[in-house]
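# Overview (structure and organization)
Take a look at the letters that make up each chain.
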Amino acid sequence: GELILLDSTGVHAIRPASGGHYFNLLPGAVPPTTDFIASVDVRLAEGGTGGVYVYGLAFRAEGRDYGLFGLTNEGDLRVYGVYESAIYQFYDFSSPAVRTAPGAVNRLTVRALGPDFVFEVNGEVVFTWNQPDLNDGRIGLGVDIGREGSDAVIEFDNFEVVAP
């Protein structure tokens, strides 16, 4: 797949190549941290029909362990806890906070304080999680391809991290 890595110049598009692939974009400018607030705007710009794509914020990424809070191309939300590259915890849910119109932009936010996580969509809390196994690590963007569909273009913009 073609990856356009993060910098500070606007929208970044990812074109995932095939099913079963996972990408974490972890900008080097963001050091590993335990407590943080991270946000990003996500948009499925085109494609994805017939497939399952999850895109959003990767957090506390250390080695092959990480968390992911993402939106699916079908408008659902997912939270993953991944340990040694195997999904150990998985939550799939919907929320009226998600804008589901084609091409809509949704802002995803993760607030982490110690083992406690709060997940927001467009400023509304949609899920809380207590997970002491994800200790600290890097923050970035993640795309998970559960099943390949028509060529997808996923856009990320306004990526922000606030850490103490």
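Anyway, here's the lowdown on the structure attached to this text.

Cut-off values and rules
Residues numbered from 1 in each chain as written. Predicted model: local features only at pLDDT ≥ 70, side-chain atom pairs only at ≥ 80, totals over all residues. Heavy atoms only, no water. Helix = DSSP H or I, 4+ residues; strand = E, 2+ residues; numbered from the N terminus. Contact = heavy atoms within 4.5 Å. Buried < 20%, exposed > 50% of the residue type's maximum accessible area, 1.4 Å probe, protein only. Core = buried A, V, L, I, M, F, W, Y, C linked by side-chain atoms within 4.5 Å.

## Some details on the overall build of the chain
On a plain count of helices and strands, the chain comes out with zero helices and 13 strands. Ordering the α and β elements of the chain from the N terminus gives β-β-β-β-β-β-β-β-β-β-β-β-β. Restricting to contacts in the chain with at least 6 residues of sequence separation, those with at least 24 account for 65%.

## Section: unusual backbone geometry
Here the phi dihedral of R60 falls at roughly 50°; this positive angle occurs in a residue that is not glycine. As for its placement among the helices and strands, R60 is situated in strand β5 (residues 52–62). Of the residues examined, R60 reaches a relative accessible area of 1% and is grouped as buried.

## Focus: the nonpolar core
Across soluble globular proteins, nonpolar side chains have a tendency to be buried as a group. With 34 residues, the main nonpolar core has Y55, F59, F69, L77, F119 and V126 as its most contacted residues. With five residues, strand β4 (residues 36–46) is the largest single contributor of residues to this core. The next biggest cluster of nonpolar side chains, apart from the first, holds six residues, and it includes V54, A61, Y66 and L68.

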